[in-house]
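# Coordinate inspection notes
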Amino acid sequence: PEKGSGAVKIPPAHDFNDFEVGRRHDLPMISIFDIDANLNDEAPEHLRGLSREEARKKVIEEMEELGLLEKIDDNPMTVPYGDRSGVVIEPRLTDQWFVDAEVLAKPAIEAVEQERIRFVPKHWENTYFEWMRNIQPWCISRQLWWGHQIPAWYGPDGKIFVELTEEEAQAAAESHYGKPTKLTRDPDVLDTWFSSALWPFSTLGWPEETPELQHHYPTDVLVTGFDIIFFWVARMIMMGLHFRDGEVPFKDVYIHALVRDEKGQKMSKSKGNVMDPLELIDQYGADALRFTLTALAAQGRDIKLSTGRIEGYRNFVTKIWNAARFTQMNGCSPVAGFDPSSCTLTVNRWIVGETARTAEEIVAALDGYRFNDAAQASYRFAWHQFCDWYLEFTKPILQEGEAADQAEVRATTSWVLDQLLHFLHPVMPFVTEELWAQLAPAEGRDGALMQQSWPELGDALRAPDAEEEMDWVVRMIGEIRAVRSEMNVPPSAELAATLSGASEDTRRRLETNRALIERLARLSGIAYSDAVPEGAVQVVVDETTVALPIGEVIDVSKELDRLKKELAKIDGEIGKIEKKLANDNFIAKAPPEVVEEQRERAAEYQQSRSKLSEALDRLTAI
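Here's what I pulled together on the structure shown here. The structure displayed is predicted, hence computed values, not measured ones.

### With respect to the nonpolar core
- Core analysis: the largest hydrophobic core is formed by 90 residues, its most contacted members being F291, F316, W350, F393 and L548.
- Per element, the largest residue contribution to this core is 15 residues, and it comes from helix α14 (residues 371–400).
- Filtering out sequence-adjacent residues up to four positions away, F393 remains in contact with V347, W350, M470, V473, V474, I477, L516 and L520.
- Residues A108, I117, M132 and W138 belong to the second largest nonpolar core, which totals 42 residues.

Next comes the structure, spelled out in structure tokens:
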């Protein structure tokens, strides 16, 4: 009432809200535009044929001439423009074909409620229910020149005949009119989503009952994005249940993440942040890109993609390639009839058990559609356990070991690498297939890697005692390496370690693996003592305290100053971020992806601060 004159125009045929008002009050639906948005015969005669812009100017001029125009105010409003034409879109009342979607929606809602169809992650079923339970009649006709044409024919008097085929429509018309009658087919085509909704069965030969349809329908899994749950997923479910006698088109709907840029923003050409996958493949390789996307595809979270992440996983691909080259150089090749459970060396029993455990972890992740967990499990096993530890542990055996031990290591190494290629193949098919061929035994393989069955390893290959011992070795070396890195100990410096409080088990493990630990931790020796040497930092592994005399190889006071400066710098950064996050205006106005980025940075700084504080405490205690 406060706006302008207070009067309200109601053109039901030219405004969506007014259309609903007109329906409620039985107002006449007067359409004054033709298809080109020029005024038609419903308009006053002197305005007919004018464009909408010209007609509006003419109306204002006439109102001024009649003294009816008091003033003109600016009226900010959202105006829709056509994405292809670039001109203003005018609503226009037309005759269209509709489907009573509420009838189709009822069994489709029940199918998800009864868990005959399952959404993964589960919370996406809420989006599905929200739309389906508030569904409106579905307009299925489009005024386009491509697509499936509407199966409707018109008689000379406008009578409509809807049939599956033109022959059936002609027969129905002849029955109606009592003689053969010329029909005109509706020129409209079906909505794209209507045609797409038939996909699960139309691609298999439907409406014919083909062998393919009998065998493949229903399918198991639909993989798609959340933004087309109601556009496509819901429509496929409705159509499948309707046309296939109540049988669902698929059992699981996996909603994958959307790929955004490294700041979490949606990619768009206007923003200039689009990453072309073909260019990324040319630069980093298809396997690296595939593995990056899989490793980042956590359920319920979008992917923040950056070239840095892809480059990191390209290094992983290179790591696998170099590991394969290393095994070739050391004479490792598949041994016919090799039984991994027959291994006698602790290091081999350990890696065989870890291989079986990793296979089980990957299968569980794949079964749960946790593809990122499957990728990370294979990554951890390949990079850390196989490449970083096992290959390093077995180098002395390959160089100086007994012939029988060398043969066992070579056979085990080759077997483990073959299993690893299986693990990685679904995500990195190209490099794994190439290595499968190159690492083949002299007699060749029985087919390509993609044709092989998934490894069935089982718990029988687990070796708890070997796994426990080698895990201890890994932790011992890892803790010593971490301290050396934190304290800036020169890589060439060898330290004399002293152990105190070591149990009998620890002493036994140490003596068995002394040479390995001294070589990989860069120690000049390992002794037992109840007293901690002066100038030594301490690290605890289980019940044992390991003392490392770093005061002999670094300037402790300078290192203390460096750590304090690093801590002060990080504290400053944490303070800035916490101040931002405590600001309600920042949280309210900043884009969600910016807020999330600040929280992630704060978490990273806190992690770094924790490590620096630990290092400072160690040095202060000297």
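### Details of the packing of helix α15 (residues 403–424) against helix α16 (residues 429–438)
- As a packed pair, α15 and α16 sit with axes 9 Å apart at the nearest point and diverge in direction by 155°. In terms of orientation, α15 lies roughly antiparallel with respect to α16. Relative to α16, the crossing made by α15 is left-handed. Where α15 approaches α16, its residues D418, L421, H422 and L424 are matched on the opposing element by T432, L435 and W436.
- Classifying every residue of the contact of α15 with α16 by side-chain character gives four nonpolar, two polar and one charged.

### A look at the environment of A297
- Of note, A297 is situated in the loop between α11 (286–296) and β12 (303–304).
- Judged by its relative accessible area of 13%, A297 is buried.
- In this structure the C-alpha to C-alpha distance between A297 and V259, which are 38 residues apart in sequence, comes to 8.9 Å.
- If near-sequence neighbours (up to four positions away) are discounted, A297 is found in contact with Y254, I303 and N372.

### Regarding the sheet that holds strand β5 (residues 152–154)
- Read across the open sheet, the three strands follow the order β6-β5-β7; overall the sheet is antiparallel. Each edge of the sheet is formed by a strand with only one pairing partner; in this case those strands are β6 (160–162) and β7 (184–185).
- With two bridges joining them, β5 and β7 adopt antiparallel strand pairing. Paired with W153 across the two strands is R185, which belongs to β7.
- Here helix α5 (residues 166–177) sits on the sheet and contacts β5 and β6; the angle it forms with β6, its principal contact strand, is near 140°.

### Description of the pairing of strand β10 (residues 250–256)
- Counting buried residues along β10, five of its seven residues qualify, which places the element largely inside the surrounding structure.
- Bridge count for strand β2 (residues 118–120) against β10 is three bridges, and the pairing is parallel. Counterpart to R118 in the pairing with β10 is D252.

### Let's talk about the pattern of salt bridges
- Under the counting rule described, the total for this entry stands at 33 salt bridges.
- For the salt bridge of R244 with E209, the shortest nitrogen-to-oxygen distance reads 2.7 Å. Here E209 lies in the loop between α7 (199–202) and α8 (211–216) and R244 lies in the loop between α9 (229–243) and β10, a separation of 35 residues in the sequence.
- Looking at R244, the relative accessible area reads 13%, which means it is buried.
- Across the pair R475 and D542 runs a salt bridge, and its minimum N-O distance is 2.8 Å. Taken together, the residues span a long stretch of sequence, with R475 in helix α17 (residues 464–486) and D542 in the loop between β15 (537–541) and β16 (544–548) at a distance of 67 residues.
- Linked by salt bridges that have partners in common, R52, E53, R56 and E90 make up one network.

### Overview of α16
- What α16 keeps buried is the set P429, V431, T432, L435 and W436.
- Packed against the buried residues of α16 are α11, α12 (307–329) and α15.

### Let's talk about the pairing of strand β9 (residues 219–225)
- Sheet analysis places β9 next to β10, joined by six bridges and oriented parallel. The residue bridging L222 from the neighbouring strand is V253, located in β10.
- Crossover handedness for the path β9 to α9 to β10: right-handed.

The rules behind the values
Residues take numbers from 1 onward in each chain, read along the sequence in its written order. Only residues with pLDDT of at least 70 are given local features in this predicted model, and only at 80 or more are side-chain atom pairs given and counted; all residues enter the totals for whole chains, interfaces and linings. With hydrogens and water set aside, each side-chain value is computed from the structure's full complement of heavy atoms. By nonpolar core is meant a set of buried Ala, Val, Leu, Ile, Met, Phe, Trp, Tyr and Cys residues that side-chain atoms within 4.5 Å join together. Burial here depends on accessible area, computed with a 1.4 Å probe over protein chains only, as a share of the maximum for the residue type. Under 20% is buried, over 50% is exposed, and the range in between is partly exposed. The helix count covers DSSP runs of H or I at least four residues long, the strand count covers runs of E at least two residues long, and both are numbered beginning at the N terminus. Throughout, a contact is declared for two residues whenever any of their heavy atoms are within 4.5 Å. In this analysis, axes come from line fits to C-alpha atoms, helices being fitted only over the stretch in contact, and the angle between any two N-to-C directions falls in the range 0 to 180 degrees. Geometric relationships in this document are graded by angle, where less than 35 degrees denotes roughly parallel, more than 145 denotes roughly antiparallel, 65 to 115 denotes roughly perpendicular, and other angles denote oblique. Crossing chirality is assigned from the near helix's rotation relative to the far helix, an anticlockwise turn below a right angle marking it left-handed and a clockwise turn marking it right-handed. For this classification, the nonpolar set comprises Ala, Val, Leu, Ile, Met, Phe, Trp, Tyr, Cys and Pro, the charged set comprises Asp, Glu, Lys and Arg, and every other residue, Gly included, is treated as polar. Strand pairing requires that DSSP identify at least two bridges connecting the strands. By definition, a salt bridge exists where a carboxyl oxygen of Asp or Glu is found within 4 Å of a side-chain nitrogen of Lys or Arg. If you view a crossover with the strands going away from you and the path from the first strand over the helix to the second runs clockwise, you call it right-handed.

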